[in-house]
Amino acid sequence: MATEDDLRRICLAMPGVTERPSWGQPAWFAKTLMARIWEEGVGTVKTDEREALAAMEPDTFFWTPHHDQSPKLLLIRLERIETEELDELLQESYRIAGGPGKPS
């Protein structure tokens, strides 16, 4: 089970990532937003696999109507994901968000 502390630790270990508030919640940025706390126990990442992940594990991965205009944003119930899988998703999100030396 992953936690908000795991999300923060993984994000801040990546080169060039900074933390600052977004809509009153902690968020992490490469060139653009790469991850954010959506609400207690729920994180947001960017992925190219949103539809597939939500179809395979809808109790873990989902989005709200707020995210319909942002097809790469995916919400994750942190208590339902292992830290290693969260790390993999954050690595992809970092790449998508334009981490240093990476295409955005």
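Everything discussed here concerns the structure shown above.
Reference entry: report on the structure contained in this document. (Residues numbered from 1 in each chain as written. Predicted model: local features only at pLDDT ≥ 70, side-chain atom pairs only at ≥ 80, totals over all residues. Heavy atoms only, no water.)

Before going further, it helps to spend a moment on helix α3 (residues 83–96). With 14 residues, α3 ought to run about 20 Å at 1.5 Å a step, and its terminal C-alpha atoms sit 20 Å apart, in line with that. Those residues of α3 lying buried are T83, L86, L89, L90, E92, S93, Y94 and I96. Just beyond α3, the residue with positive phi is G98, at close to 85°. (Helix = DSSP H or I, 4+ residues; strand = E, 2+ residues; numbered from the N terminus. Expected span 1.5 Å × (residues − 1). Buried < 20%, exposed > 50% of the residue type's maximum accessible area, 1.4 Å probe, protein only.)

Our focus in this paragraph is the packing of helix α1 (residues 4–12) against α3. Where α1 contacts α3, the two axes come as close as 10 Å, and the packing angle between them is 45°. Classified by the angle their axes make, α1 and α3 are oblique. Regarding α1 and α3, the two cross each other, and that crossing is right-handed. For the pair α1 and α3, contact is made by D6, L7, R9, I10 and C11 and by T83, L86, D87 and L90, respectively. Of the residues in the contact of α1 with α3, the class split is five nonpolar, one polar and three charged. (Axes fitted to C-alpha atoms, helices over the stretch in contact; angles between N-to-C directions. Parallel < 35°, antiparallel > 145°, perpendicular 65-115°, else oblique. Left-handed = near helix turned anticlockwise from the far one by under 90°. Contact = heavy atoms within 4.5 Å. Nonpolar A, V, L, I, M, F, W, Y, C, P; charged D, E, K, R; others polar.)

Moving on, we get to the sheet that holds strand β5 (residues 61–62). Backbone hydrogen bonds are what pair the strands of a sheet, in a parallel or an antiparallel way. Pairing within the open sheet is antiparallel, and its six strands lie in the order β1-β2-β3-β4-β6-β5. Two strands in the sheet have a free side with no partner beyond their single neighbour: β1 (18–22) and β5. Pairing of strand β2 (residues 25–29) with strand β3 (residues 33–39), which is carried by three bridges, proceeds in the antiparallel orientation. Each residue of the ladder has a partner; that of F29, found in β3, is L33. On the sheet, α1 packs against β1, β2, β3 and β4 (42–46) and is oriented at approximately 165° with respect to β3. On top of the sheet, α3 reaches β3, β4, β5 and β6 (73–77); it is set at about 45° to β4, its chief contact. (Pairing = 2+ DSSP bridges.)

Before going further, it helps to spend a moment on the pairing of β3. Across the seven residues of β3, five count as buried, placing the element largely inside the fold. Joining the antiparallel neighbours β2 and β3 is a turn of three residues. As judged from the four bridges shared by β3 and β4, these two strands associate in the antiparallel manner. The partner of I37 across the bridge, within β4, is G43. A loop of two residues connects β3 with β4, the two strands running antiparallel in sequence, and G41 in this loop sits at a positive phi of about 80°.

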